[in-house]
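# Structure at a glance
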Amino acid sequence: MCMGSNKISLGIIGKPNSGKSTLFNTLLGDYISPVGDEYGLTKTIHKKKFIHRNNEFTIIDTPGLRRKSKVVVKEELIRNTEVVRLTKNVDVIILLIDSLENITRQDFRLADLAISKNKVLFFLFNKIDLIDDKKTYKLNLNRYLKNNYSKYRLINIKFISAKKNINIKSVLNEIIYKKNLLSVEIKKQNLKKLIIYLNKKANFPKLNKREIKPKYIVQVKNHIPKFKIFLNINKKPPAIFQKYFDNAFRNYFRLEGIPIIYDFKMSNNPYVN
Ligand SMILES: Nc1nc2c(ncn2[C@@H]2O[C@H](COP(=O)(O)OP(=O)(O)OP(=O)(O)O)[C@@H](O)[C@H]2O)c(=O)[nH]1
Ligand SMILES: [Mg+2]
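Calculation rules
- Along each chain, residue indices are assigned from 1 in the same order as the chain's sequence is written.
- As they are written, the chains are lettered A onward and the ligands numbered 1 onward, keeping that order.
- The predicted origin of the model limits local features to residues at a pLDDT of at least 70 and limits the giving and counting of side-chain atom pairs to 80 or more, whereas totals for whole chains, interfaces and linings rest on all residues.
- Hydrogens and water are ignored here; the side-chain numbers use all heavy atoms of the structure.
- The nonpolar core is taken to be a set of buried Ala, Val, Leu, Ile, Met, Phe, Trp, Tyr and Cys residues, with the residues joined through side-chain atoms within 4.5 Å.
- Exposure categories follow from relative accessible area, calculated using a 1.4 Å probe and restricted to protein chains: below 20% of the type maximum is buried, above 50% is exposed, and the middle band is partly exposed.
- A helix here means a DSSP run of H or I that spans at least four residues, while a strand means a run of E at least two residues long, and both kinds are numbered starting from the N terminus.
- Domain limits in this description derive from either an automatic procedure or a database domain assignment.
- Here the coordinating atoms are restricted to nitrogen, oxygen and sulfur within 2.8 Å of the metal centre, or 3.2 Å for Na, K and Ca, and because water is not among them the sites may look incomplete.
- Each aromatic pair joins two rings of Phe, Tyr and Trp (for Trp, the six-membered one) with centres within 6.5 Å, and gets the label stacked for planes under 30 degrees apart, edge-to-face for over 60, and tilted for any other angle.
- A 3.5 Å cut-off defines polar contacts: any pair of N or O atoms within that distance qualifies, except that in protein one atom must be a possible hydrogen donor and the other a possible acceptor, and neighbouring residues in sequence count only when both atoms are side-chain atoms.
- Note on contacts: a residue pair is in contact if any heavy atoms of the two residues lie within 4.5 Å.
- Any two strands are treated as partners once DSSP identifies two or more bridges connecting them.
- In this description, a line fitted to the C-alpha atoms serves as the axis of each element, helices being fitted only across the stretch in contact, and the angle between N-to-C directions of two axes falls anywhere from 0 to 180 degrees.

### Considerations on the nonpolar core
Counting 49 residues, the largest nonpolar core has Leu23, Ile94, Ile175, Ile217, Phe245, Phe249 and Leu255 as the members making the most contacts within it. With six residues, the single largest contributor to this core is helix H5 (residues 168-181). Each of two domains, domain 1 (6-181) and domain 2 (188-266), supplies a minimum of three residues to this core. Counting 28 residues, the second-largest nonpolar core is a separate cluster that includes Leu65, Phe125, Ile131 and Phe159.

Right, here's the structure in full:
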């Protein structure tokens, strides 16, 4: 994998008061974006660069996002639209969540947005310094997300304190790792091995009483990992198969917390095209 100097753009989003501007300032080691208890303090997008381990990060602090029904002034709606637009143009999205608050539907909505745009997504639980029993808190939260969020395998979960500078370096290192993982190239022979392994294991979801089976996989050149999967059926596979395949694929190649695009092809002949 190519290390060297790497460019990573990083957007910090989340509800008001979760600590986005604090994190932004901590990463920069400078007080640039005003911080405070006032709800909805940040009103403009702040963008700055810094270097960490030879990687050039561009970080973006954004105004807090609330549910639409809670927004009363037009300016806030315009700001929300700007934030949503901005999320399209970054590599990595940090969804910042206040550890003292419950994770909300709004948080999941923002996460879904990032995932739909194929971003590397981090759920960062901030203000961990205010939690007494950190170990139990982390365990419970991981378990909660695993059981309640269907896209659990696509996200990265970390616990930090932006204010007290806890776990920030480890998050940056993890971000670098996941960004590099986007350019993973899987050898043809390993894709073949996966097919053999999966076909032995069997127990695939069925379509019209027939097991749907992958016959051949090829990686497609792309900025994020993308694969064409040839199947033994002539229809688009049902969602349950796609989910099953995704799980198997991620397990086999240890690809968690990054987007992967699967292009399911219906063909009886794996060597077509
Ligand atoms: N204890 C603790 N307080 C924090 C931490 N991070 C931020 N805060 C506090 O939380 C409050 C809100 O922080 P901000 O950084 O302004 O939050 P924000 O997400 O930028 O808020 P908006 O700009 O309104 O969306 C401030 O009082 C911060 O000092 C943390 O890690 N621990
Ligand atoms: Mg702010």
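Read on, since the account is not over.
### Some points on the coordination of the magnesium ion (ligand 2)
Protein ligation of the magnesium ion (ligand 2) involves Ser21 (OG) and Thr42 (OG1), the donor distances falling in the range 1.9 to 2.1 Å. Note that serine 21 is positioned in helix H1 (residues 20-28) and threonine 42 in the loop between H1 and strand E2 (46-52), a separation of 21 residues in sequence. Serine 21 gets classed as buried once you look at its relative accessible area, which sits at 7%. Judged by relative accessible area, which is 11%, threonine 42 ranks as buried.

### A short note on the packing of aromatic side chains
In this structure the tally under the stated criterion is 19 aromatic pairs. Ring plane angle 40° and centroid distance 6.0 Å describe the contact between phenylalanine 123 and tyrosine 149, whose orientation is recorded as tilted. Of this pair, phenylalanine 123 sits in strand E5 (residues 120-126) while tyrosine 149 sits in the loop between helix H4 (134-148) and strand E6 (155-159), and the two are 26 residues apart along the sequence. Assessed through its relative accessible area of 6%, tyrosine 149 is described here as buried. Considering the side-chain rings of phenylalanine 245 and tyrosine 262, the 5.4 Å spacing of their centres and the 90° angle between planes classify their relative orientation as edge-to-face. Taken as a pair, phenylalanine 245 in helix H7 (residues 239-253) and tyrosine 262 in strand E11 (residues 261-266) lie far apart in primary sequence, 17 residues in all. Across this residue pair, the class does not change: phenylalanine 245 and tyrosine 262 are buried. Among the aromatic residues, those joined into a cluster by ring pairs are Tyr197, Phe204, Phe227, Phe241, Tyr244, Phe245, Phe249, Tyr252, Phe253, Tyr262 and Phe264.

### Quick notes on the side chain of aspartate 246
Turning to its location among the elements, aspartate 246 is positioned in helix H7. Its relative accessible area of 12% is what places aspartate 246 among the buried residues. Reaching out from aspartate 246, the side chain makes a polar contact with the side chain of arginine 250 at a distance of 2.8 Å. Apart from the residues within four sequence positions on either side, aspartate 246 is in contact with Leu154 and Tyr262.

### Notes on the sheet that holds E2
Across the sheet, which stays open at both edges, the six strands sit in the order E2-E3-E1-E4-E5-E6 with mixed pairing between neighbours. What marks the edges here is a single partner per strand, and that holds for E2 and E6. Neighbour-to-neighbour, the strand axes of this sheet turn through a mean angle of 25°, independent of strand direction. Strand direction decides the pairing type here: E5 and E6, joined by five bridges, are parallel. Its bridge partner being in E6, leucine 124 is matched across the sheet by lysine 158. Relative to the sheet, H4 contacts E5 and E6, its axis offset from that of E6 by approximately 165°. Along the sheet, H5 contacts strand E1 (6-14), E2, strand E3 (55-61), strand E4 (92-98), E5 and E6; its crossing angle with E1, the most-contacted strand, is approximately 120°.

### Structural notes on unusual backbone geometry
Backbone geometry at asparagine 118 places phi at a positive 60°, although glycine is not the residue there. Within the secondary structure layout, asparagine 118 lies in the loop between helix H3 (105-116) and E5. Accessibility expressed as a relative area gives 31% for asparagine 118, which makes it partly exposed. The phi torsion at arginine 254 lies on the positive side, around 50°, for a residue other than glycine. Note that arginine 254 resides in the loop between H7 and E11.

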